[in-house]
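Overview (structure and organization)
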Amino acid sequence: MVMSGNLPGTPGRITIDLDALAGNWRSLAQLVAPAECSAVVKANAYGLGAARVVPCLAGAGCKTFFVATLSEAADIIPIASGARVFVLNGILPNDVSAFIDTGAIPVLSTRDEIALWRAEADRCNVCLPAAVQTDSGLNRLGLTQPDIQKLTADPNALNGLQLVLVMSHLACADDPDAVQNEAQRHAFETGSADFPGVPQSLAASDGLMLGTGYHYDLVRPGYALYGGQAFRGRPTPVKLVVTVTTKLLQIRSLSKGDEVGYSATYRANQNMTIAIVAAGYADGVPRSSSAGTSKSGGYVAIAGQRTPILGRVSMDLIAVDVSDIPEQHLTRGAEVELIGPTLPLDDVGQTAQTIGYEILTRLSPRFERIYLQRAEG
Ligand SMILES: *Cc1c(COP(=O)(O)O)cnc(C)c1O
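Bear in mind that the values here come from a model prediction, so they are computed numbers and not experimental data.

Procedures and definitions
- Residues numbered from 1 in each chain as written.
- Predicted model: local features only at pLDDT ≥ 70, side-chain atom pairs only at ≥ 80, totals over all residues.
- Heavy atoms only, no water.
- Near = heavy atom within 4 Å.
- Polar contact = N/O pair within 3.5 Å; in protein donor to acceptor, adjacent residues only side chain to side chain.
- Nonpolar A, V, L, I, M, F, W, Y, C, P; charged D, E, K, R; others polar.
- Buried < 20%, exposed > 50% of the residue type's maximum accessible area, 1.4 Å probe, protein only.
- Helix = DSSP H or I, 4+ residues; strand = E, 2+ residues; numbered from the N terminus.
- Pairing = 2+ DSSP bridges.
- Right-handed = clockwise from strand over helix to strand, strands pointing away.
- Core = buried A, V, L, I, M, F, W, Y, C linked by side-chain atoms within 4.5 Å.
- Contact = heavy atoms within 4.5 Å.
- Expected span 1.5 Å × (residues − 1).
- Arc of directions from axis to C-beta.
- Disulfide = S-S within 2.5 Å.
- Salt bridge = Lys/Arg side-chain N within 4 Å of Asp/Glu carboxyl O.
- Lys, Arg positive; Asp, Glu negative; His and termini not counted.

By nearness alone, 14 residues border the ligand, and Lys 42, Tyr 46, Ser 205, Gly 222 and Tyr 357 come closest of all. Taking Lys 42, its side chain carries an N or O atom lying 2.7 Å from an oxygen atom of the ligand. Here an oxygen atom of the ligand and a side-chain polar atom of Tyr 357 are 2.5 Å apart. Considered class by class, the residues forming the shell around the ligand number eight nonpolar, three polar and three charged.

Structure (structure tokens):
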């Protein structure tokens, strides 16, 4: 069944295949079993809409979700079918009571946070669930080895807390040859040894492809669920989830020497046909995918054929070369692919000098989101 708003006057569409999303979660869950497969749905499920993504994944069997912030947790807990929801960025002093109210589980990364959550457990005379994050070399969030030593030196340091997960995060897992991977794995084992019996988690989308030695008790994929290929070693067994299309507005003929777009960065070196397309940086087409006469940039696809962007990406429009596209496809209102089967997300990131993650999370609300789902739930 196609769920479609079909808003008149909205040329841009983000089509999200929920069946493929559920299938991707099942594939990864199968790949890592007996480890548990969670789902990372921070940033509104990487821009795809947590309101639809979370119930879909919970329906597929996902029992653990990760978000970045408490407000993201508050949004998804009511629709997560009782699954656990962890907040990766931890707990700030003013958020303690909101954490209790929502039932979100904080990922504690400093001794201060641990003390704060313990004090609340004391005050309420209850045992509070928590995850701890150890730093294994990323130097982002996480307890350092000296922090862990200070904690373990105090026999009461974790009183009142029920530790349900000890986790860390890899810096270079997209590169199977990076020496940091094994170094971080060792550092994680050292750090988590001080939390005996607590389930462990190290790998995200890329790390889970490094092999079973990285799976531990739970893996935390985000990007791969949405069809992204985070790992440079071999393909992750996931299918396309996201297709982004917009529409062709106008065809123009250029003569040799004509210039295209702001700052006239592209000059035609022969007569050619271009199309003006309804998408720009306000829709999430990065301005860094602009192309000049000597610099290549991003692509669109028309009728399954890739063709380059010409000149600067403007706020609402791009110009593309259609000299090689058969004329029958060049009608006003014809569909133009920005991301999809012909233009994989990761390639779109690369031609914009960024990563597919940033492309996904910056797709604009101006594009209509359409969800495909054969069966509810
Ligand atoms: C974002 C994030 C993930 C998910 O990463 P992907 O590469 O999208 O799979 C996992 N763990 C942590 C700590 C994260 O910040």
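What follows continues from the structure just given.
Below, the discussion takes up the pairing of strand β9 (residues 161–167). Taken across its seven residues, β9 has six buried, putting it largely inside the fold. With six bridges connecting them, strand β8 (residues 128–133) and β9 associate as parallel partners. Bridging across to β9, Pro 129 finds its partner in Gln 162. Remark: the β8/helix α7 (residues 145–153)/β9 crossover connection has right-handed handedness. Bridge count between β9 and strand β10 (residues 200–201): two bridges; the pairing is parallel. What sits directly across from Met 167, in β10, is Ser 201. Between the parallel pair β9 and β10, the chain is carried across by helix α8 (residues 179–192), and the sense of this crossover is right-handed.

Looking now at the nonpolar core. Membership of the largest hydrophobic core comes to 114 residues, with the highest contact counts inside it found for Val 41, Leu 57, Phe 65 and Tyr 226. Counting residues per element, this core draws most heavily on helix α1 (residues 18–32), at eight residues. For Val 41, the contacting residues outside a window of four places in its chain are Val 53, Val 54, Leu 57, Phe 65, Phe 66, Val 67, Ile 76 and Tyr 226. If you look at the next biggest cluster of nonpolar residues, it comprises nine residues, including Leu 254, Val 260, Ala 268 and Ile 276.

Turning to its location among the elements, His 186 is positioned in helix α8. Classification of His 186 as partly exposed rests on a relative accessible area of 48%. Sequence separation between His 186 and Ser 136 is 50 residues, and the spatial gap between their C-alpha atoms is 8.1 Å.

The end-to-end C-alpha distance of α8 is 20 Å, a good match for the 20 Å that 14 residues give at a rise of 1.5 Å each. All buried positions along α8 are accounted for by Asn 181, Gln 184, Arg 185, Phe 188, Gly 191 and Ser 192. All buried residues of α8 lie within an arc of 130 degrees about the axis, which places them on one face of the element. As for α8, its buried residues are in contact with α7, β9 and β10.

Where strand β16 (residues 299–302) lies against strand β17 (residues 305–310), four bridges are found, and the strand directions are antiparallel. Residue Val 300 lies in a different strand from β17, and its bridge partner there is Thr 307. The turn linking β16 back onto β17 is made up of two residues, and Ala 303 within it adopts a positive phi angle of 50 degrees. Relative to strand β18 (residues 318–321), β17 runs antiparallel, the two being bridged by two bridges. Bridging from a neighbouring strand, Ile 309 pairs with Val 320 of β18.

Glancing now at the state of the cysteines. If you walk through the whole model with that rule in mind, you get zero disulfides. Considering cysteine sulfurs only, Cys 37 is the nearest to Cys 62, which forms no disulfide, with 6.6 Å between them. In this structure Cys 124 is a free cysteine whose sulfur lies 12 Å from that of Cys 127, the closest cysteine sulfur available. Given the relative accessible area of 33%, Cys 124 is considered partly exposed.

Turning to α7, a few remarks are in order. Along α7, the residues that are buried comprise Asp 147, Ile 148 and Leu 151. Along the axis of α7, the buried residues cluster in a sector spanning 95 degrees; they form a single face.

This part takes up the environment of Ser 81. With respect to the helices and strands, Ser 81 occurs in the loop between α4 (70–76) and β6 (84–87). Classification of Ser 81 as exposed rests on a relative accessible area of 67%. A sequence separation of 19 residues divides Ser 81 from Cys 62, and the C-alpha atoms of the two residues are 9.5 Å apart.

Tallied over the full model, the rule gives 11 salt bridges. Arg 185 is paired through a salt bridge with Glu 182; the nearest N and O atoms lie 2.8 Å apart. Taken as a pair, Arg 185 and Glu 182 lie in helix α8 at a separation of three residues, close to a single helical turn. In this structure Glu 182 comes out as partly exposed when scored by relative accessible area, which is 34%. One salt bridge connects Glu 259 with Arg 267, and the closest N-O pair in it is separated by 2.5 Å. When its relative accessible area of 43% is taken as the criterion, Glu 259 is described as partly exposed. On the basis of relative accessibility, which here comes to 45%, the residue Arg 267 falls in the partly exposed class.

You can see Asp 147 is positioned in helix α7. Of the side chains with opposite charge, Arg 111 comes closest to the buried, unpaired Asp 147, at an N-O distance of 4.6 Å. A polar atom in the side chain of Asp 147 sits 3.0 Å from the backbone nitrogen of Thr 144.

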